[in-house]
Amino acid sequence: MAADMAAQPRSDELLNQSPPYVDVDLYASDQPLRGAVAGNGGEGAAAALSAFGKHWGSADMFELGRQANENPPELKTLDAKGYRRDFIEFHPAYHDLMAASVAAGLQASTWRDDATPASAPAQVTRGARFYMAAQVETGHLCPITMTRAAVAALAVEPSLVAKLMPKIVSRRYDDHFRPWWEKTGITLGMGMTEKQGGTDVRANRTRAQPIAEGYAVNGDKWFMSAPMCDAFLVLAQAPGGLTCVLMPRFRPGGSVNGLNFQRLKDKLGNRSNASSEVEFADAFAWRVGEEGRGVRTIINMVQLTRLDCAIASAGIMRMALAQALHHARYRSVFQKRLSDQPMMRAVLADMALDVEAATALVMRLARSFDLAVADPLEAARARLLTPAVKYWVCKTAPGFIYEAMECLGGNGYVEESLLPRLYREAPVNAIWEGSGNVMCLDVLRALARDRDAARAVLDALASEAADLPGAREAADFVERAFCAQDVEARARAGVGRLALLAAAAALRSSAPPDVAELFARTRLSAHHDAIYGTDDLGAGESALLERALPPT
Ligand SMILES: Cc1cc2nc3c(=O)[nH]c(=O)nc-3n(C[C@H](O)[C@H](O)[C@H](O)COP(=O)(O)OP(=O)(O)OC[C@H]3O[C@@H](n4cnc5c(N)ncnc54)[C@H](O)[C@@H]3O)c2cc1C
């Protein structure tokens, strides 16, 4: 009897379907990530990152992600008697995800409680956690990234920092609709975009009038995400010009502040996250930084949210690749596993190479943020490369995820496979916090402001990647593109190449030499086809696939 049963094929073999990709250690199973963390000074955190990876890779966490997205938030504008409430109701799964991210410090672990940077490699290890959390659920990370990034802007106001930091760095998430001082922990949002302009914030019409203890703000914002946050950094025209203010949900006296939410956006993806249209009616706010220096102040925040956009997109790519590879290892077509079919191997390995690059690139960039305080070259590197990395990684992700979806065949197009959600999620990282063209203009701005620093960064990249094919030519191309007469028209080409060179340099320092060499050979010294699977990766193919996901 026992022998008969052993001879029976398992039911998943009968169905020729892959088992669910759950209960995985998102850290231990990801060799490129482990290498990138170790190569950037985070080796000592390996055990803690593995514990985080196991927790976030559990079936329960994937289930929370599903529930939070299938039950999107609702705006409750008025109560039964017609009084304004402006309350956002979320599914409990969303709060559970928030609680898990806050417990792990994703909203603030890169800061001490006086708003000075935590010790290195805080950005790298927090970045690795953010990368793993993004693989499971990305929408809730919007208030998480804004909270940690807002600290960079708040730092110019020591009195606000002293009041708020203990609540910001707290690991106890509190979802109550209460004044911030009564809560165990708080989250922060940001409102810049108005109907007449998101990129061009100088066109903002919202006004901030000085009053006792602060400002009264009137106007509106066309996009303001995570409206249940406890306070928002808002740009408004004060008498001295465009100014950054911090607007709490409750006035200092304890009454609800004048934030009237008009509606929530009906979005392509990012559905667990609420994004509002809001009107300010004499809303109370504190000034952050000097009047007229609003953009200067808030840009410190935006630089960090841009880093997180790139990390999250790299994470989403990673999950799409893992799903595709996992499926291909179980699914047979014409009596052979998909993962053994030559053409499928070429596609998956080519995709794995882009995930290697994106992962090494974002972790190396996080390292620059860690080192920037004490090292001017690293500060220049963070300044120049953040928009370039956001541009390349976030723009690569949507097409990449589509290809991963196709690897799963029809299953990939069906909601339960996770791929549709990843696919819908991906474009927003390229749009918000500055869209593609705006990222390229920002690289040009960094160049114009300090050409010597930019040249030093380019020289460093060229020398780090010096033994890789096409590195010198790529550096020359970037230099020419940025000196051209029609520099704006050529900026996409220059910035794209700059990101690829930075990726090759990042791989050179944290991945095996063969991986860096393959990336440079196929992306720098030759034209890489926009469709995956057209390069001959030779003997490197198997190594890439095994590094991406250990065979079971
Ligand atoms: C889901 C979601 C949530 C959001 N949440 C927030 C939020 O919480 N807070 C907030 O303030 N904003 C938020 N935004 C707004 C977002 O930051 C803006 O939509 C974005 O910055 C682009 O601004 P815009 O929509 O006004 O487009 P525009 O500024 O009109 O830009 C349109 C296009 O033109 C391009 N462009 C602009 N200038 C140039 C130029 N000089 N040369 C060439 N091309 C150019 C841009 O790259 C873009 O592709 C959110 C957006 C989305 C989709």
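Here, the structure is the one placed above.
Residues numbered from 1 in each chain as written. Predicted model: local features only at pLDDT ≥ 70, side-chain atom pairs only at ≥ 80, totals over all residues. Heavy atoms only, no water.

Moving on, we get to empty space enclosed by the protein. Enumeration according to the criterion identifies 6 cavities of 30 Å³ or more in this entry. Taken as a whole, the largest cavity spans an internal volume of roughly 110 Å³. Taken together, Leu 384, Leu 447, Arg 451, Ala 454, Arg 455, Leu 458, Val 478, Glu 479, Phe 482, Cys 483 and Leu 498 make up the lining of the largest cavity. Mapped onto the lining of the largest cavity, the elements with two or more residues apiece are helix H15 (451–464) and helix H16 (471–483). Tallied by class, the residues present in the lining of the largest cavity amount to 8 nonpolar, no polar and 3 charged. Estimates place the volume of the second largest cavity at around 50 Å³. Surrounding the second largest cavity, Leu 361, Arg 364, Leu 365, Ser 368, Arg 381, Leu 385, Val 389, Leu 461 and Ala 502 form its lining. Elements supplying a minimum of two residues to the lining of the second largest cavity: helix H11 (342–371) and helix H12 (376–407). Sort the elements by how many residues they give to the lining of the second largest cavity and H11 lands first, with 4 residues. (1 Å grid on protein atoms, 1.4 Å probe; cavity = no way out; pocket = protein on both sides within 12 Å on 5 of 7 lines; lining within 4 Å. Points joined across faces, edges and corners; volume = space filled by probe spheres on them. Helix = DSSP H or I, 4+ residues; strand = E, 2+ residues; numbered from the N terminus. Nonpolar A, V, L, I, M, F, W, Y, C, P; charged D, E, K, R; others polar.)

Glancing now at the packing of aromatic side chains. Summed over all chains, the structure comprises 8 aromatic pairs. The interplanar angle of 90° and the centroid separation of 5.7 Å between the aromatic rings of Trp 180 and Trp 181 together place this pair among those described as edge-to-face. The class for Trp 181 is partly exposed, based on a relative accessible area of 35%. For the pair Phe 400 and Tyr 532, a centre-to-centre distance of 5.6 Å together with 85° between the ring planes defines the contact as edge-to-face. Of the two residues, Phe 400 sits in helix H12 while Tyr 532 sits in the loop between helix H18 (513–524) and helix H19 (540–548), which places them 132 residues apart along the sequence. The buried category is assigned to Phe 400, whose relative accessible area is 0%. A relative accessible area of 9% means that Tyr 532 is categorised as buried. Here the aromatic residues Phe 87, Phe 177 and Phe 250 are joined through ring pairs into a cluster of three or more. Sitting over the face of the ring of Phe 223, Lys 265 holds its NZ or CZ atom 4.3 Å from the ring centroid. (Phe/Tyr/Trp six-rings, centres within 6.5 Å; stacked < 30°, edge-to-face > 60°. Buried < 20%, exposed > 50% of the residue type's maximum accessible area, 1.4 Å probe, protein only. Lys NZ or Arg CZ within 6 Å of the ring centre and 35° of its normal.)

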